[in-house]
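# Structural overview
Here is how the chains run, residue by residue.
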Amino acid sequence: MRKENGLTTDSILEIVAYGAWNGGEVVDNSVFANRGMFFKGNIPVNHETIEKRIGVRKRVVAPEDERIGVTALKDLLEKSDMDPSRIKVVIGATNVGEDKYDPGPLIRHPFELMRKECPDAIVLDLYAGCPGFNVSAELIFMLSLAGVLGAGDLSVIVGAENIHRAKTFRPLDTAHILFGDDALATALETKACAGPGGNYSKSDKVKLPLGEDFVAGIAKALFELNGGERIDGIIVDNQLGKMQHRIPATAARVQHRLVELMYPEAASNGIISRFKEALAFYDENVKSFGFDIMSVGRDPSLVERIARAYVESGKYKTIASAYLAPDFTVEVMVHRGDGYSFVRPRYGIVDTLTRTHGCFGDYIQAVPENGDVFGEIDGKGVFLHATRGARAHLTELLSRNNMTPYDIDLLIEHQANFAMIPLTLEKALVNGQPDIKKAAAEYIANRRVTNIHERGNCSVVCMQRLPYDLKRGALKEDTVQGYPVNRNLDNLKDAKVILNDSVGTGMTRSSILQINR
């Protein structure tokens, strides 16, 4: 249990309400046939090949004249009994959002619904790829643990991706086929906080005019400030306002450049450029995260305040913050904590883990082209990172909580491509079973919920949509790529131990462990 001012509390942060956009047009795979689109290997795109390769039968497409994030937040405010004046944090978790040309922060549009009721709230976008909801929840967890948020304070995460309206990919890019549009708003309540119990220190603030090569400049500044010592995480308040600078997060790029400075021999030998070796090297030596925010207030002190909360939470020792202004001027600082301790609460969100492998940042990126900008996905690279990176990550989180995957009642796994899920579970579950494929299939049927075949890859919003649809009875039994899915829905609605796990651009993987009362 957590102790607050000498008293004992058993919960720090809990998810308390959802609101959703439930509109749009259902579009099946036939719309992509006869367009001259081909999968790798010159395989023509049609209904059968789409379902066979990625498990998607249809997806939901939003109208171009609706801001679906606004709709989701409006639904939350209207259907819950929340007092908006209690809202202290509002986060827009997104990649592209609803308009790839919008300079951001994209959350400013939904926030207008309640600006008058909570004018002093912390309001920001968060860019961490598809794990953005999990990373946002972790950030709120850190603010609660550190005492920035107090008992009764509310936080709201608005996940919104309108991939079709944004025209994220080139016209014949098969990535179009994967995605569905979606938006949800999730409310979290801080139940208690422990407050700081250690010693906080910070480096001098370095302010530099960096120009276009700002990634290398930030990495060099951090290397010099921290004496080449390991950093647990990098948070950048990225005010550049362009999609190519947030996909992947600038912090993920900085992380990799910093690793090259810290480990020059590994860089020169190519270890951190070859997939298998790079994955193992990062898992053993780097063990850090990197994500961007974009604050509405454009106050450089906010990212410093957030970084301080991470070290005062007791979960991290050293966090770097950077404020990247539109003119490429940057303010960099390193925050350190000594003597803080994290004691896991009994209920609600009990633990989190976020790791970035910046060496794979090019696997999902936005690339400028002839005055436009488009998303590019290295499908093979993403597949390898998602499936082969799962075991080490999940083992680290679960083992420190004295758990194995079989202690999880409900797994909410990101659905980039259904074909990834069985292979991910085969890697994560293997423990001498005589038939690991059967074990993975049973896990999928009875401990997971699935909707990629009905809605496509909903990016950031997947982590919100799945539990929301489970609770409202919108999920149905089915079979996807030969695997039975959604076969235990009644029991999963009352799941006690829940694991959210998501992987995406950066490449970042983030997980949240929840225990219900």
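Residues numbered from 1 in each chain as written. Predicted model: local features only at pLDDT ≥ 70, side-chain atom pairs only at ≥ 80, totals over all residues. Heavy atoms only, no water.

Once that is clear, we can look at the overall build of the protein. Summing up its helical and strand segments, the protein has 18 helices and 25 strands in all. By the compact-globule yardstick of 24 Å for 517 residues, the protein fits well, its C-alpha radius of gyration being 22 Å. Its C-alpha atoms put the protein at 60 × 55 × 50 Å along the principal axes. Residue burial in the protein is summarised as follows: out of 517 residues, 60% are buried. Contacts spanning at least 24 positions in sequence make up 79% of the contacts within the protein whose residues lie at least 6 apart. Within the structure as shown, the protein displays about 19,700 Å² of accessible surface, and the carbon and sulfur contribution to it stands at 48%. Charge-centre separation for the protein: the mean point of 62 positive side chains lies 3 Å from the mean point of 67 negative side chains. (Helix = DSSP H or I, 4+ residues; strand = E, 2+ residues; numbered from the N terminus. Rg over C-alpha atoms; globule rule 2.2 N^0.38 Å. Buried < 20%, exposed > 50% of the residue type's maximum accessible area, 1.4 Å probe, protein only. Contact = heavy atoms within 4.5 Å. Areas by Shrake-Rupley, 256 points an atom, 1.4 Å probe, with all protein chains shown as cover. Lys, Arg positive; Asp, Glu negative; His and termini not counted. Charge placed at Lys NZ, Arg CZ, Asp CG, Glu CD.)

It is worth spelling out the pattern of salt bridges at this point. The full count for this structure, using the stated rule, is 35 salt bridges. Across the pair Arg455 and Asp182 runs a salt bridge, and its minimum N-O distance is 3.4 Å. With Arg455 in helix α16 (residues 452-455) and Asp182 in strand β11 (residues 182-190), this pair connects stretches of sequence that are 273 residues apart. The burial state of Arg455 is the same as that of Asp182; both residues are buried. (Salt bridge = Lys/Arg side-chain N within 4 Å of Asp/Glu carboxyl O.)

This part takes up a positive patch on the surface. Together, Lys40, Lys276, Lys380, Arg388 and Lys427 line one region of the surface with positive charge. Position of Lys276 among the secondary structure elements: in helix α10 (residues 275-286). The exposure class assigned to Lys276 is exposed, which follows from its relative accessible area of 69%. (Patch = residues over 30% accessible without salt bridge, like charges linked within 9 Å, V, L, I, M, F, W, Y side chains within 5 Å.)

Within the structure shown, the criterion is met by 14 aromatic pairs. Three or more aromatic residues joined by ring pairs form one cluster here, namely Phe289, Phe291, Tyr310 and Tyr316. A cation sits over an aromatic face here: Arg246 above Tyr127, 5.3 Å from the ring centre. Taking the ring centre of Phe342 as reference, the NZ or CZ of Lys315 above it sits at 4.7 Å. (Phe/Tyr/Trp six-rings, centres within 6.5 Å; stacked < 30°, edge-to-face > 60°. Lys NZ or Arg CZ within 6 Å of the ring centre and 35° of its normal.)

Turning our attention to the nonpolar core. Of all hydrophobic cores here, the largest spans 63 residues; its most connected members are Ile50, Ile177, Phe360, Ile408, Leu425 and Leu513. Membership of the second largest hydrophobic core comes to 52 residues, among which are Ile91, Ala146, Tyr316 and Ile498. (Core = buried A, V, L, I, M, F, W, Y, C linked by side-chain atoms within 4.5 Å.)

Let us now look at the sheet that holds strand β18 (residues 348-356). Strand order in the open sheet made by the four strands is β18-β25-β24-β21, with mixed pairing throughout. In the strand order of this sheet, the two ends are held by β18 and β21 (410-413), each with one partner. Here the average twist between neighbouring strands, direction ignored, is 10 degrees. Direction of pairing for β21 relative to strand β24 (residues 497-504): parallel, over a ladder of four bridges. If you follow Leu411 over to β24, its bridge partner there is Leu499. (Pairing = 2+ DSSP bridges. Axes fitted to C-alpha atoms, helices over the stretch in contact; angles between N-to-C directions.)

Of the residues in the protein, 98% have a pLDDT of 70 or more, and the chain-wide mean is 94. Predicted confidence is poor over residues 1-8, with pLDDT under 50, and the contacts of this stretch with residues over four places away or in other chains come to 20 contacts. (pLDDT = per-residue confidence, 0-100.)

It is worth spelling out the side chain of Ser295 at this point. The topology assignment puts Ser295 in strand β15 (residues 289-295). Reaching out from Ser295, the side chain makes a polar contact with the backbone nitrogen of Arg298 at a distance of 3.3 Å. Other than its neighbours up to four places away in sequence, Ser295 contacts Pro105, Val123, Leu124, Asp237, Gln239 and Leu302. (Polar contact = N/O pair within 3.5 Å; in protein donor to acceptor, adjacent residues only side chain to side chain.)

With that out of the way, let us pick up the state of the cysteines. Disulfide: a covalent bond formed between the sulfur atoms of two cysteine residues. By the definition in use, this model includes zero disulfides. Just so you know, Cys359 is unpaired, no disulfide at all, and the nearest cysteine sulfur is the one on Cys130, 18 Å from it. The class of Cys359 is buried, set by a relative accessible area of 16%. Considering cysteine sulfurs only, Cys458 is the nearest to Cys462, which forms no disulfide, with 6.6 Å between them. (Disulfide = S-S within 2.5 Å.)

This paragraph deals with helix α14 (residues 420-429). Burial within α14 is extensive, with eight of its 10 residues counted as buried. All of the buried residues in α14 are Met420, Ile421, Pro422, Thr424, Leu425, Glu426, Ala428 and Leu429.

Counting buried residues along β18, nine of its nine residues qualify, which places the element largely inside the surrounding structure. The sheet contact formed by β18 and strand β25 (residues 508-515) spans eight bridges and is antiparallel. Paired with Asp351 across the strands is Leu513, a residue of β25.

In this structure, the amide linkage connecting Ile247 to the following residue, Pro248, adopts the cis form with an omega of 0 degrees. Looking at where Pro248 falls in the secondary structure, it is placed in the loop between β14 (233-238) and α8 (250-262). Here the amide bond leading from Gly506 into Met507 is cis, since omega sits at -10 degrees, within 30 degrees of zero. Residues other than glycine seldom take positive phi values, yet Lys287 does so here, at roughly 45 degrees. On the secondary structure map, Lys287 appears in the loop between α10 and β15. Judged by its relative accessible area of 34%, Lys287 is partly exposed. A positive phi angle is found at Gln481, which is not glycine, with a value near 50 degrees. Within the secondary structure layout, Gln481 lies in the loop between β22 (478-480) and β23 (483-485).

One can find Ile271 in the loop between α9 (264-268) and α10. A C-alpha to C-alpha distance of 7.7 Å links Ile271 and Phe281, two positions 10 residues apart in sequence. Contact partners of Ile271, with chain neighbours within four places excluded, come to Ala266, Glu277, Ala278 and Phe281.

Before going further, it helps to examine the environment of Lys438. Following the sequence through the fold, Lys438 ends up in helix α15 (residues 436-447). Under the relative-accessibility criterion, Lys438 is labelled partly exposed at 48%. Each C-alpha atom, one on Lys438 and one on Glu477, is 18 Å from the other, the two residues being 39 residues apart in sequence.

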